[in-house]
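So you can see what is in the structure, the chains are spelled out below.
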Amino acid sequence: MAQSFSDPQWTGSVGYTHLDSGDQSLGAVTGRVGAKLSRYIGVEGEASFGVKDEDVTIGGVDGTVEHEYDAALYAVGSVPVSENFELFGRVGYGTTSIKADVAGVTASEDGESLNYGAGANYFFDGQNGLRADWTRRDFTDDQGGEIDTYGLSFVRRF
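Numbering of residues starts from 1 in every chain and runs along the sequence as written. Totals for whole chains, interfaces and linings use all residues, but because this is a predicted model, local features are given only for residues with pLDDT of at least 70 and pairs of side-chain atoms are given and counted only at 80 or more. Hydrogens and waters are ignored; side-chain quantities use all the structure's heavy atoms.

Asks: Describe in detail the overall build of the protein chain, supporting the description with residues and values.
Replies: Helix and strand assignments come from DSSP, with helices taken as H or I runs of at least 4 residues and strands as E runs of at least 2, each series counted from the N terminus. Check the secondary structure of the protein chain and you find zero helices and nine strands. Taken from N to C terminus, the helices and strands of the protein chain fall in the order β-β-β-β-β-β-β-β-β. Along the three orthogonal principal directions, the C-alpha set of the protein chain runs to about 60 × 30 × 20 Å. Considering the protein chain as a whole, with its 158 residues, one finds that 39% of them fall into the buried category. For the protein chain, the share of sequence-separated contacts (at least 6 apart) that also reach a separation of at least 24 residues comes to 54%. We get accessible surface area from the Shrake-Rupley algorithm with a probe of 1.4 Å; when it comes to residues, only the shown protein chains can shield them. Carbon together with sulfur atoms contributes 59% to the accessible area of the protein chain, which is approximately 8,500 Å² in total. Each charge sign in the protein chain was given a centre, from 11 positive and 25 negative side chains, and these centres are 11 Å apart. Only protein chains enter the accessibility calculation, which uses a 1.4 Å probe; a residue is then buried when its area is under 20% of its type maximum, exposed when over 50%, and partly exposed in between. Any two residues whose heavy atoms approach within 4.5 Å at even a single point are treated as in contact. Charged residues are defined narrowly, with Lys and Arg counted positive, Asp and Glu counted negative, and His plus the chain ends left uncounted. To locate a charge, take NZ of a lysine, CZ of an arginine, CG of an aspartate or CD of a glutamate.

The following block contains the structure:
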């Protein structure tokens, strides 16, 4: 089926994303909406909210770190390997919010990031499938830093 800017092929996905900063290991539920503008080029937006917190100890005091939310927009390049399997790479820009609560003191940190990654989609029946991906978030603020994310999602073509 041919796609064009006026008639893109839409996809949606929902799944689990593991966020690994080296110091903390957090988890989130992620939803995405994408549009393939041609066989090889597309765009997608994603949003996540945290579902797995990390227990921490700072100065002998116990607390938690949690992923509040993130959102990002991407340009996506894909290479169809077969009718039901494709590899993709993506680059985009996003925002992430992390909250820490130690001894009743709460602090939130928001960070803007340049994001890039790769993954694969495998469709069982042409419409329903699985998506596996890795994305690195390179934060652009004064503290810098990076987070690697690993995701596994159910994906559907519309």
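Further notes follow.
Asks: Kindly report on the packing of aromatic side chains, identifying the contributing residues and their values.
Replies: Between 30 and 60 degrees the pair is tilted, below 30 it is stacked and above 60 it is edge-to-face, where a pair is any two Phe, Tyr or Trp rings, Trp via its six-membered ring, whose centres lie within 6.5 Å. Taken as a whole and assessed by the stated rule, the structure comprises two aromatic pairs. Arranged with centres 6.1 Å apart and planes meeting at 75°, the rings of Tyr 116 and Trp 134 form a pair that is edge-to-face. You can see Tyr 116 sitting in strand β7 (residues 105-123) and its partner Trp 134 sitting in strand β8 (residues 128-139), a full 18 residues away along the chain. Ring centres of Tyr 122 and Phe 124 lie 5.8 Å apart, and the angle between their planes is 75°; on these two criteria the pair is classed as edge-to-face. Given a relative accessible area of 41%, Tyr 122 falls into the partly exposed group. Remark: a charge is flagged as sitting over a ring if the NZ atom of Lys or the CZ atom of Arg is within 6 Å of the ring centre and within 35 degrees of the ring normal. Cation over ring: Arg 90 sits above Tyr 74, and NZ or CZ is 3.8 Å from the ring centre. Lying over the aromatic face of Phe 123, Arg 157 brings its terminal NZ or CZ to 3.6 Å of the ring centre.

Asks: Which residues make up the pattern of salt bridges, and what are the values?
Replies: When a carboxyl oxygen of Asp or Glu lies within 4 Å of a side-chain nitrogen of Lys or Arg, that pair is called a salt bridge. In the structure shown here, the tally under the stated rule is 10 salt bridges. Here Glu 86 ties to Lys 36 by a salt bridge, and the two come within 2.8 Å at their closest N and O atoms. Here Glu 86, found in strand β6 (residues 85-102), pairs with Lys 36, found in strand β2 (residues 25-36); they are 50 residues apart in sequence, far enough to count as distant. A relative accessible area of 9% places Glu 86 in the buried class. In this structure, Glu 46 and Arg 90 form a salt bridge, with 3.1 Å as the shortest nitrogen-oxygen distance. Taken together, the positions of Glu 46 in strand β3 (residues 41-52) and Arg 90 in strand β6 put the pair 44 residues apart, joining distant regions of the chain. Across the pair, exposure class does not vary: Glu 46 and Arg 90 are buried alike.

Asks: Kindly report on the side chain of Asp 148, identifying the contributing residues and their values.
Replies: Among the structural elements, Asp 148 can be located in strand β9 (residues 146-157). Its relative accessible area of 15% is what places Asp 148 among the buried residues. A polar atom in the side chain of Asp 148 sits 3.4 Å from the side chain of Trp 134. Once residues within four sequence positions are removed from consideration, Asp 148 is found in contact with His 18, Leu 19, Asp 20, Trp 134, Thr 135 and Arg 136. Contacts described as polar in this section are N or O atom pairs within 3.5 Å, which, within protein, must combine one atom able to donate a hydrogen with one able to accept it, while residues neighboring in sequence count only if both atoms come from side chains.

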